[in-house]
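Tertiary structure, described
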Amino acid sequence: MRLEVMLGCLLAVPIHASKCASSWKVEDCSEFASSFQKIGHAGVTILNSSYIPEKSVNISGTLNAVPLVRSIVLLLAVGAALTNAIGNGGMAGTIAESDVIRNLNKGFAVAGGDSGHLATLNNGGNGAPGVYLPYMHNKDQVKAWIHDSIAFFTPAARKITTEFYRKAPKHSYYEGCSTGGAQGFALAQFHPNLFDGIVAGCPVWPDITPDGPRLFQNGSNFLPQTILDLITQTVLEKCDTIDGVKDGVLENPLLCDFDITSLKCSSSETNSSTCLTPAQISTAQKIYAGPVDSRSNISLYPGFSVGSETEWLFQEGHLAEVFSIPILQNMLFNDLSYDASTFNWGTDVDAVDMRVGTLIDEISPDLSALKATGAKIVMFQGWSDPYNAATWPIKHLGQIEDFFGGDVGDWFRLFMIPGGGHCGSASNYPQVPGTWHALDAVVQWVETGQPPAAILGTDPADKELKEKTSKLCPWPQTAKFHGGDPNDWNSYECEN
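A brief report on the enclosed structure follows. Just so you know, these numbers come straight off a predicted model, no measurement behind them.

1. A short note on the environment of Trp 383
Structurally, Trp 383 can be placed in the loop between strand 10 (376-382) and helix 10 (391-404). Put simply, Trp 383 and Val 249 are 134 residues apart on the chain and 9.9 Å apart in space, counted from C-alpha to C-alpha.

So, in structure tokens, the structure goes:
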């Protein structure tokens with residue numbers, strides 16, 4: 001079978017990634033590329049290799065702290081350790097160069113790909129109603145998007161790295177968030193032998209995302225930001241101190257017994273910013289509940305948690321427009337005029353699973369092959385993620401535990417992030433540290449055998465709290481305050 005996938009890959013190799021005296025010098029990268037044009041992998045070619053001096057590349061405000069070799073690799077006919085590979089976000093189509101630089105500065109040789117299709121040929125990498133997205137009409141490119149693209153470029157990137165240093169990497173790691181988190185689970189399920197450690201953050205399983213095609217117009221049922229803020233503030237007033245400290249964040253929203261009907265307007269109140277109309281109450285209840293199968297009333301995807309309401313605006317329309325509706329129009333119905341409001345939450349769900357899910361889902365609890373390799377997985381999820389229902393990763397962990405007959409903490413750990421957003425700080429929780437050091441945790445786990453008892457959180461968006469740190473605990477443990485400085489992670493203990 002001919003594979004119609006053209007995958008671009010960026011490989012960045014730092015000068016200090018190897019102490020081997022016989023390795024190539026970064027200044028000689030062009031000579032290296034000329035001597036090694038063909039990777040020993042059919043159709044894999046180094047298109048360009050450049051020497052990049054220290055602090056001469058600025059990507060999203062981050063400079064390369066060390067000199068590096070930047071190689072552009074093209075995989076024309078793909079088939080199915082590098083020290084670090086990074087995944088994609090959203091509909092991909094570009095290489096996440098900011099992630100490449102960030103991990104390069106940690107001393108990794110890093111590779112990233114465009115997932116097998118170009119954003120420039122697919123509406124700039126953005127979905128929109130009524131827009132034709134070519135990659136969604138190409139089965140090979142759809143499968144590459146989430147299931148296979150990392151596995152396509154990893155062997156070639158590892159080969160280049162080994163030849164450059166004349167020594168194979170001792171360990172290989174993968175890190176991805178959002179679509180990259182889903183790609184991490186695809187690696188675990190379909191390509192279990194590639195990496196020693198996997199970080200899968202806020203994984204998006206996009207065939208029937210929580211927004212579905214559930215659109216709330218600017219009518220009586222719409223929840224404006226002022227109302228969303230009101231709900232969250234009321235939740236915090238009721239439950240903020242459950243973890244022992246008043247910090248404007250719920251440590252574990254599942255412990256908060258909040259009833260949205262307590263904010264219902266009285267019969268004499270209308271269009272108030274201090275209460276919700278019956279139609280608005282109904283909208284909030286639907287978002288809390290999540291979509292259900294119209295035939296059986298069985299949950300299709302969990303609802304969103306209390307305390308996350310202030311981040312819900314995308315759930316009321318925009319998220320459907322950029323993700324679910326394009327998938328329905330391009331992949332399921334092949335009709336750009338398809339009206340998403342007619343989606344049948346029964347028979348159409350079956351069609352999504354059959355015609356879309358088989359190409360992009362990676363949610364099997366059977367990760368036996370990965371477990372057998374000795375590899376480790378760290379998964380993380382923000383409780384206030386505006387795109388993902390935070391309880392879905394908890395549910396998936398439970399499915400994995402059920403499959404293996406008990407605790408899987410010796411190779412798989414989930415870390416829930418109070419007030420955390422989608423792969424970083426939630427916009428309305430600026431006091432919450434938004435950099436989560438999950439890769440450091442999985443590296444230590446792989447190389448010392450000690451599972452992470454906690455993950456460090458740093459760098460809140462609020463610059464007045466720039467020294468604040470947080471302690472992220474392996475679920476079902478949560479951080480409990482034991483006195484001292486509430487902005488120091490050492491003041492907390494992970495407890496059940």
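What follows picks up the thread again.
2. Regarding unusual backbone geometry
Here the residue pair Trp 475 and Pro 476 is connected by a cis peptide bond, since its omega of 15° sits within 30 degrees of zero. One non-glycine residue, Cys 423, lies in positive phi territory at about 65°. Following the sequence through the fold, Cys 423 ends up in the loop between strand 11 (412-417) and strand 12 (433-436).

3. Some points on the environment of Lys 170
The residue Lys 170 is located in the loop between helix 3 (139-165) and strand 8 (173-177) in this model. Sequence separation of Lys 170 and Asp 196 is 26 residues, and the distance between their C-alpha atoms is 9.6 Å.

4. Looking at the pairing of strand 10
Across the seven residues that make up strand 10, a large majority, seven, are buried. Burial of the side chains of strand 10 extends over both faces: Lys 376, Val 378, Phe 380 and Gly 382 are buried on one face and Ile 377, Met 379 and Gln 381 on the other. Here five bridges tie strand 9 (residues 197-201) to strand 10, and the two strands are oriented parallel to one another. Each bridged residue has a counterpart across the sheet, and for Gly 201 the counterpart in strand 10 is Phe 380. Sheet analysis places strand 10 next to strand 11, joined by six bridges and oriented parallel. Paired with Gln 381 across the strands is Met 416, a residue of strand 11. Tracing the backbone out of strand 10, into helix 10 and back to the parallel element strand 11 gives a crossover that is right-handed.

5. Concerning the side chain of Asn 388
Residue placement: Asn 388 occurs in the loop between strand 10 and helix 10. Among the polar contacts listed, one links the side chain of Asn 388 to the side chain of Gln 381, at a separation of 3.5 Å. Those residues in contact with Asn 388 that lie beyond four places of it in its chain are Cys 202, Pro 203, Val 204, Tyr 301, Phe 304, Gln 381 and His 422.

Analysis parameters
Residue numbers run consecutively from 1 along every chain, following the written order of its sequence. Predicted model: local features are reported for residues with pLDDT of at least 70 only, side-chain atom pairs are reported and counted for 80 or more only, and whole-chain, interface and lining totals are derived from all residues. As a rule here, side-chain values come from all non-hydrogen atoms in the structure, and water together with hydrogens is ignored. Helix and strand assignments come from DSSP, with helices taken as H or I runs of at least 4 residues and strands as E runs of at least 2, each series counted from the N terminus. Per-residue accessibility, obtained with a 1.4 Å probe over protein chains only, is compared with the maximum for each type, and a residue is labelled buried under 20%, exposed over 50%, and partly exposed between these values. Pairing between strands is defined by DSSP: at least two bridges between the two strands are required. Here the term right-handed applies to a crossover when the path leading from its first strand over the helix to its second strand runs clockwise, the strands being oriented away from the viewer. We define a polar contact as two N or O atoms separated by no more than 3.5 Å, with the added condition that, inside protein, one atom must be a possible hydrogen donor and the other a possible acceptor, whereas residues neighbouring each other in sequence contribute only through side-chain atom pairs. Only heavy atoms matter for contacts: two residues are in contact if any of them lie within 4.5 Å across the pair.

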